[in-house]
Amino acid sequence: MKTLQFREALREAMSEEMRRDENVFLMGEEVAQYNGAYKVSQGMLEEFGEKRVIDTPIAELGFAGIGVGAAMHGLRPIIEFMTFNFSLVAIDQVINSAAKMLSMSGGQYGAPMVFRGPTASAGQLGAQHSQAFENWYANTPGLKVIVPSNPADAKGLLKSAIRDDDPVIFMESEQMYGDKGEVPEDEYTIPIGKAKVVTEGDSVTIVSFGKIIKVAQEAVEELAKDGIRAELIDLRTVRPIDYATIIESVKKTNRMIILEEAWPLASISTELTYMVQRNAFDYLDAPIRRITTQDTPLAYAPTLVEAWLPNKAQVIQAVKDVMYVS
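Residues numbered from 1 in each chain as written. Predicted model: local features only at pLDDT ≥ 70, side-chain atom pairs only at ≥ 80, totals over all residues. Heavy atoms only, no water.

Some remarks on the overall build of the protein
- A count of helices and strands for the protein gives 12 helices and 14 strands.
- In terms of overall size, the protein behaves like a compact globule, its C-alpha atoms giving a radius of gyration of 20 Å where 326 residues would be expected to give roughly 20 Å.
- Counting only C-alpha atoms, the protein reaches 60 × 45 × 40 Å along its principal axes.
- Pairs at least 24 apart in sequence give 81% of the contacts found in the protein among residues at least 6 apart.
- Carbon and sulfur atoms provide 51% of the accessible area of the protein, an area that totals close to 14000 Å².
- Computed over 32 positive and 45 negative side-chain charges, the inter-centroid distance for the protein is 2 Å. (Helix = DSSP H or I, 4+ residues; strand = E, 2+ residues; numbered from the N terminus. Rg over C-alpha atoms; globule rule 2.2 N^0.38 Å. Contact = heavy atoms within 4.5 Å. Areas by Shrake-Rupley, 256 points an atom, 1.4 Å probe, with all protein chains shown as cover. Lys, Arg positive; Asp, Glu negative; His and termini not counted. Charge placed at Lys NZ, Arg CZ, Asp CG, Glu CD.)

See the structure below:
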């Protein structure tokens, strides 16, 4: 094992796959000469050259479309958005081209490509730069959507995404790029669509994903001091979702909390709530609770950011509520 920053794990994944397969290339704003807006692609231009690490104008719709066309003709692009907030400019190419190409062409053309970049809030960046779109893209047939929470998962899942024959949305967090974690030194990949049981327990199931899972982990540690053994599940992938792991956990714990950094309506937590009540209703001893952001655009003021985001106290209180303890 070795210790890597989140950004370094992503860089290793891309570099290893580009060495393995000459059809893989990286394209996006500032990925080459500037070494990446968040230094994820640092040094890659020097190693792979300007034909495989390509700077683009500020034109997301244009370079996303170029990526789709390249994928249709045998290449495997990695399209980096400086933030998924900007992917809205390119969403027609993602949804109407990449996601639908295999179906609309009767299997003649696919779009094996990765759209990656940061999602959700990242400090005081204002409403237009602080939105979580995981549930938007997960709503689209033809796409796979990955949201890793640590460097080891980021590397293994990104390698799997690059090799996958479907278009994959790979969503990170600006606030995680400097996070450090243990990463295997040997070659490895992580299957897309398989959740991870982070901590085992029998008191309550807590499900989360992405950077907000850190809040869940803090709550789990605090709850353990009171003898409450929470089972924490990291979804890793929000399309496809590993329903089986979640349902088996709920059958053991009989209670579930879902923590998500997203607006509440039509969120991933809404989908999980439906599937658990549909498939494990008789095992539930309390209503499912979900914890999301406030249902407003994110304000700039730090006090309002704090009030908008889910926090450890909310998770702990929700757990005690479903356990009927004070």
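Brief notes about the sheet that holds strand β13 (residues 256–259)
- Spatially, the five strands line up as an open sheet ordered β9-β11-β10-β13-β14, and their pairing is mixed. Looking along the sheet, the strands with just one partner apiece sit at the ends: β9 (196–199) and β14 (289–291). Across the sheet, the axes of successive neighbouring strands diverge by a mean angle of 25°, strand direction being ignored.
- Here three bridges tie β13 to β14, and the two strands are oriented parallel to one another. (Pairing = 2+ DSSP bridges. Axes fitted to C-alpha atoms, helices over the stretch in contact; angles between N-to-C directions.)

Things to note about unusual backbone geometry
- Between Arg-239 and Pro-240 the backbone carries a cis peptide bond, its omega angle lying at 0°.
- On the secondary structure map, Pro-240 appears in the loop between β12 (237–239) and α9 (243–253).
- The backbone phi angle of Glu-30 is positive, close to 65°, even though this residue is not glycine.
- With respect to the helices and strands, Glu-30 occurs in the loop between β2 (24–28) and α2 (44–48).
- Not every positive phi belongs to a glycine, and Ala-120 is a case in point at roughly 65°.

What to know about the pattern of salt bridges
- Evaluated as defined, the whole model comprises 26 salt bridges.
- Between Arg-116 and Glu-80 there is a salt bridge whose closest N-O contact spans 2.7 Å. Taken as a pair, Arg-116 in strand β5 (residues 114–118) and Glu-80 in strand β4 (residues 76–80) lie far apart in primary sequence, 36 residues in all. Like Glu-80, Arg-116 is buried. (Salt bridge = Lys/Arg side-chain N within 4 Å of Asp/Glu carboxyl O. Buried < 20%, exposed > 50% of the residue type's maximum accessible area, 1.4 Å probe, protein only.)

As for the packing of aromatic side chains
- Evaluation of the coordinates by the stated rule reveals seven aromatic pairs.
- Ring centres of Phe-81 and Phe-115 lie 5.9 Å apart, and the angle between their planes is 5°; on these two criteria the pair is classed as stacked. Here Phe-81, found in the loop between β4 and α4 (91–98), pairs with Phe-115, found in strand β5; they are 34 residues apart in sequence, far enough to count as distant.
- For Phe-81, a relative accessible area of 1% corresponds to the buried category.
- Phe-115 gets classed as buried once you look at its relative accessible area, which sits at 0%.
- Joined through ring pairs, the aromatic side chains of Phe-63, Phe-81, Phe-84, Phe-115 and Tyr-137 make up one cluster.
- Here Lys-39 stacks its cationic end above the ring of Tyr-34, 3.7 Å away from the centre of that ring. (Phe/Tyr/Trp six-rings, centres within 6.5 Å; stacked < 30°, edge-to-face > 60°. Lys NZ or Arg CZ within 6 Å of the ring centre and 35° of its normal.)

Concerning the pairing of β13
- Residues of β13 alternate between two faces, with Met-256 and Ile-258 on one and Ile-257 and Leu-259 on the opposite face, all of them buried.
- The pairing of strand β10 (residues 204–208) with β13 spans three bridges and is classified as parallel. Residue pairing across strands places Thr-205 opposite Met-256, the latter belonging to β13.
- The parallel pair β13 and β14, bridged by helix α10 (residues 268–280), forms a crossover whose chirality is right-handed. (Right-handed = clockwise from strand over helix to strand, strands pointing away.)

What to know about the packing of helix α8 (residues 213–224) against helix α12 (residues 312–323)
- For the pair α8 and α12, interaxial distance at closest approach is 8 Å and the crossing angle is 55°. As the angle between them shows, α8 and α12 are arranged oblique. Our pair here, α8 against α12, has a crossing hand that is right-handed. Between α8, through Val-215, Glu-218, Ala-219, Glu-222 and Leu-223, and α12, the contact on the second element is made entirely by Lys-312, Val-315, Ile-316 and Val-319.
- The residue inventory of the contact of α8 with α12, partitioned by class, reads six nonpolar, no polar and three charged. (Parallel < 35°, antiparallel > 145°, perpendicular 65-115°, else oblique. Left-handed = near helix turned anticlockwise from the far one by under 90°. Nonpolar A, V, L, I, M, F, W, Y, C, P; charged D, E, K, R; others polar.)

Details of the nonpolar core
- Within the largest apolar cluster, 44 residues are counted, with the highest numbers of intra-cluster contacts made by Phe-115, Tyr-137, Ile-169, Leu-235 and Ile-246.
- Elements with a contribution of two residues or more to this core: β2, α3 (60–72), α4, α6 (134–138), β7 (168–172), α9, β13 and α10.
- If we skip the residues at most four places from it in the chain, Ile-169 touches Phe-84, Val-94, Phe-115, Tyr-137, Leu-143, Lys-144, Val-145 and Ile-146.
- Core analysis: the second largest hydrophobic core is formed by 33 residues, Leu-4, Leu-10, Val-114 and Val-168 among them. (Core = buried A, V, L, I, M, F, W, Y, C linked by side-chain atoms within 4.5 Å.)

As for the side chain of Ser-203
- Summarising the element assignment, Ser-203 is placed in the loop between β9 and β10.
- A residue is classified by how much of its surface remains accessible, and Ser-203, at 10% relative accessible area, is buried.
- If we skip the residues at most four places from it in the chain, Ser-203 touches Gly-227, Ile-228, Arg-229, Thr-253, Arg-255 and Met-323.

Fair warning: the whole summary comes from geometry, so function is off the table for now.
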